[in-house]
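In case you want the letters, here they are:
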Amino acid sequence: MPARLPLTTRVSLVVSAAALTLSLAVPALAQEKVLRIAMTAADIPRTLGQPDQGFEGNRFTGIPMYDALTQWDLSKADAPSVLIPGLATSWAVDAKDKTKWTFKLRPGVKFHDGSAFNADAVVWNVQKVLDKEAVQFDPSQVGVTASRMPTLRTARKIDDLTVELTTSEPDSFLPINLSNLFMASPAHWQKKFDAAASATPADKSKAAWTAFAADASGTGPFKMTRFVARERLEVAANKAYWDPKRVPKIDKVVMLPMPEASARTAALLSGQVDWIEAPSPDAMAEIKSRGNVIYSNPQPHVWPWQLSFAEGSPWLNKDVRYAANLCVDRESLSKLLGGMMGIPKGTVPPGHPWWGNPKFDIKYDPKAAQALMGKAGFSAAKPLKVKVQISASGSGQMQPLPMNEFVQQSLKACYFDVEFDVIEWNTLFTNWRKGAKDPSANGANATNVSFAAMDPFFAMVRFVSTKTFPPVSNNWGYYGNETVDKLIADARTSFDDKQRDAALAKLHAYIVEDAPFVWIAHDVGPRAMSAKVKNVVQPKSWFIDIATMTMQ
């Protein structure tokens, strides 16, 4: 692997730049409780209600400023996060027609602009991403939303606090998927629309969303106070928040894009930020020696190569897919990361309700991998060329450059000649929905996009169903067959939890045995924080709740 500069050298190179970038982040009033966060994203995730930048967007511009009908319980560090009521207090599928759901809404909730949250607001927010005839329809929000809830079709008001949602087919995953549909204020948007000077309704709508993004209004525990694209987002406590347990005690949060790990480390060590995502592994000791705290927890978050099954792909041969999975020295990779990763046996770990006991054992066995590659016609003299599209940083990507370089060297011993196409994270994430056949793949036959695996759709279905080929969802590699579709249908139409888990276990076992991924690591979500940040709960989730934290 290429030599890396010592941490102290790299920090000294970037600390001046970090100081310049963050000089305005120092709180103006000493009595204010201000939390400053350095994100891995290269830009502020979109603020208009449906964030981009992967789930880092949900974590920093989604969950703090907005709410969804359902949400994740992020209050425990010692148990998996489960789905709980959000802006909906309860929901039920129709006993006779499993494509219809009734959601009861929480009374008394207000948007940040003072307007009421109600059934009309839910219908409006569904239409903003699904109804092309609606004036508020925003094509820019569709890709990051519809791909996460592909069966939702319509919303209908029953009364002010009751709404009916319909799906294209019976789908027991819908309540989970709806945790990704954040509720923006229709009244606040309408003011932006009415003020827009554009000639056509479509142009006025586009201008309204641009104005809304700079002056957002959700129902979340924090409300926007300042937004500077590519530089900073500032949010202040919403003291009128509907959930007393999550009314913030921190006055203000400042979020700063900082994709370079060394810059984030320098910013924390110099006291210019209080929290950094994905700290440099070789900086852990220095970070802790300065009194900072490293938080991590095993979480349902997978770091893989997702493989192409398009015509001509080198991964169409199962022996090649097995060989790649057997040739990654994950124990050594974990040491490179300072132990900050989990070693995968599949998408979910053994003992999980969806495990299913697959027959293929993902482990480090280079001799077996070499034998499989020899059987496929490859050798040290005749290696298999593969190309992987990767990013240099980004949400959940951990340390993508050194990790991918390590895997590249690991696979070389098993007759793989790996080439990388390194692009910016949000571009990689956008390309993920376009698919391996799209020109944006730039000839790559694998992509390295990490993903959260806390629910069945996100963990498995979107990658293996023939109904989720691009641009519908994230089956980038066009993998799928009738057997997989049948297993998915069995799970999706099971509204009993135990029956659904049993169906999902069969699906997971099949996926591992067919290996449409090279499973490389599970993330443990390392983040470093100043000791001044208190009441931090690092849940077993990709998300974390800022609202319940305090500042010393």
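The rules behind these values
- Residues numbered from 1 in each chain as written.
- Predicted model: local features only at pLDDT ≥ 70, side-chain atom pairs only at ≥ 80, totals over all residues.
- Heavy atoms only, no water.
- Helix = DSSP H or I, 4+ residues; strand = E, 2+ residues; numbered from the N terminus.
- Rg over C-alpha atoms; globule rule 2.2 N^0.38 Å.
- Buried < 20%, exposed > 50% of the residue type's maximum accessible area, 1.4 Å probe, protein only.
- Contact = heavy atoms within 4.5 Å.
- Areas by Shrake-Rupley, 256 points an atom, 1.4 Å probe, with all protein chains shown as cover.
- Lys, Arg positive; Asp, Glu negative; His and termini not counted.
- Charge placed at Lys NZ, Arg CZ, Asp CG, Glu CD.
- Pairing = 2+ DSSP bridges.
- Axes fitted to C-alpha atoms, helices over the stretch in contact; angles between N-to-C directions.
- Core = buried A, V, L, I, M, F, W, Y, C linked by side-chain atoms within 4.5 Å.
- Salt bridge = Lys/Arg side-chain N within 4 Å of Asp/Glu carboxyl O.
- Disulfide = S-S within 2.5 Å.
- Parallel < 35°, antiparallel > 145°, perpendicular 65-115°, else oblique.
- Left-handed = near helix turned anticlockwise from the far one by under 90°.
- Nonpolar A, V, L, I, M, F, W, Y, C, P; charged D, E, K, R; others polar.

Visitor: Sorry if this is basic, but what is going on with the overall build of the chain here?
Guide: When its secondary structure is counted, the chain shows 17 helices and 21 strands. By the compact-globule yardstick of 24 Å for 552 residues, the chain fits well, its C-alpha radius of gyration being 23 Å. Judged by the C-alpha coordinates and their principal axes, the chain covers about 70 × 60 × 50 Å. When the 552 residues of the chain are sorted by exposure, 60% land in the buried category. For the chain, restricting intrachain contacts to residue pairs at least 6 apart in sequence, the fraction spanning at least 24 positions comes to 70%. Per element, the accessible surface of the chain, about 21,000 Å² overall, is 54% carbon and sulfur. For the chain, the distance from the average position of its 62 positive side-chain charges to the average position of its 54 negative side-chain charges is 2 Å.

Visitor: What's the story with unusual backbone geometry in this structure? I'm lost.
Guide: Peptide bonds are, in most cases, trans, and in most cases residues other than glycine have a negative phi. A cis amide bond links Pro-470 to the next residue, Pro-471, at an omega of 5 degrees. Relative to the elements of secondary structure, Pro-471 occurs in the loop between helix 15 (456-464) and helix 16 (482-492). Phi is positive for Asn-442, close to 55 degrees, though the residue is something other than glycine. Relative to the assigned elements, Asn-442 resides in the loop between helix 14 (425-434) and strand 16 (446-447). Positive phi, close to 55 degrees, is recorded for Ala-515, a residue that is not glycine. With respect to the helices, strands and loops of the structure, Ala-515 is situated in the loop between helix 17 (497-514) and strand 18 (517-522).

Visitor: Can you walk me through the sheet that holds strand 11 (residues 275-277) in this structure?
Guide: Backbone-to-backbone hydrogen bonds join strands into a sheet, with any given pair of strands oriented parallel or antiparallel. Spatial strand order, 8-9-10-1-11-19-12: 7 strands in an open sheet with mixed pairing. The outermost strands of the open sheet, each flanked by one partner alone, are strand 8 (222-228) and strand 12 (293-295). This sheet shows a mean twist of 20 degrees between the axes of neighbouring strands, independent of strand direction. Both strand 1 (residues 34-39) and strand 10 (residues 252-257) contribute to a ladder of 6 bridges, which runs parallel.

Visitor: Quick question: what am I supposed to make of the sheet that holds strand 5 (residues 100-105) here?
Guide: Ordered by their spatial adjacency, 4 strands build an open sheet running 4-5-7-6, and the pairing between neighbours is antiparallel. Taken across any chain shown, the strands that pair with only one partner, and hence form the sheet edges, are strand 4 (88-93) and strand 6 (152-159). Between one strand axis and the next, the sheet turns through 20 degrees on average, direction left out of account. Of the strand pairs in this sheet, strand 4 and strand 5 are connected by 5 bridges, and their pairing is antiparallel. In the sheet register, Val-93 faces strand 5, and the bridge partner there is Trp-101. Strands in contact with helix 3 (residues 119-130) are strand 5, strand 6 and strand 7 (162-167); relative to strand 6, the strand with the most contacts, it is inclined by about 165 degrees.

Visitor: Is there a simple way to explain the nonpolar core in this structure?
Guide: Trp-305, Phe-416 and Leu-507 are the most contacted members of the largest nonpolar core, which has 120 residues in total. No other element matches helix 15, which puts 7 residues into this core. Among residues more than four places away in sequence, those in contact with Phe-416 are Trp-315, Val-320, Ala-323, Ala-324, Met-373, Pro-383, Leu-384, Val-386 and Leu-411. Leu-69, Ala-88, Phe-103 and Phe-111 belong to the second-largest nonpolar core, a separate cluster that totals 26 residues.

Visitor: Honestly, the pattern of salt bridges in this entry has me stumped. Any pointers?
Guide: A side chain with one charge can pair with a side chain of the opposite charge if their charged atoms come near. Scanning the entire structure with this criterion turns up 26 salt bridges. With its nearest N and O atoms 2.9 Å apart, the salt bridge here joins Arg-36 to Asp-274. With Arg-36 in strand 1 and Asp-274 in the loop between helix 8 (261-269) and strand 11, the pair connects residues that are 238 residues apart, well separated along the chain. A salt bridge links Glu-277 to Arg-59, with the shortest nitrogen-to-oxygen separation between them at 2.4 Å. With a gap of 218 residues between them, Glu-277 in strand 11 and Arg-59 in helix 2 (residues 54-62) connect regions that are remote in the sequence. Its relative accessible area of 4% is what places Glu-277 among the buried residues. Salt bridges sharing common partners tie together Arg-226, Glu-231, Arg-232, Glu-234 and Lys-252.

Visitor: Is there a simple way to think about the state of the cysteines in this case?
Guide: Linking two cysteines covalently via their sulfur atoms produces the bond known as a disulfide. Within this structure, the stated rule accounts for 1 disulfide. There is a disulfide in this structure between Cys-327 and Cys-414, and the S-S distance comes to 1.9 Å. The chirality of the disulfide connecting Cys-327 with Cys-414 is right-handed, given an S-S dihedral of about 80 degrees. Of the two residues, Cys-327 is situated in the loop between helix 10 (318-326) and helix 11 (330-336) and Cys-414 in the loop between helix 13 (400-412) and strand 15 (416-423); the sequence distance between them amounts to 87 residues.

Visitor: When you look at the packing of helix 10 against helix 12 (residues 366-375) in this model, what are you seeing that I'm missing?
Guide: Packed helices, taken two at a time, are described by their axes: the angle between them and the distance between them. For the pair helix 10 and helix 12, interaxial distance at closest approach is 8 Å and the crossing angle is 160 degrees. Accordingly, the angle class assigned to the pair helix 10 and helix 12 is roughly antiparallel. Judged by the twist between their axes, the crossing of helix 10 over helix 12 is left-handed. In this structure, helix 10 uses Asp-319, Val-320, Tyr-322, Ala-323 and Leu-326 to contact helix 12, whose residues at the interface are Pro-366, Ala-368, Ala-369, Leu-372, Met-373 and Lys-375. Tallied by class, the residues present in the contact of helix 10 with helix 12 amount to 9 nonpolar, no polar and 2 charged.

None of the figures reported here should be taken as evidence of function without further support.
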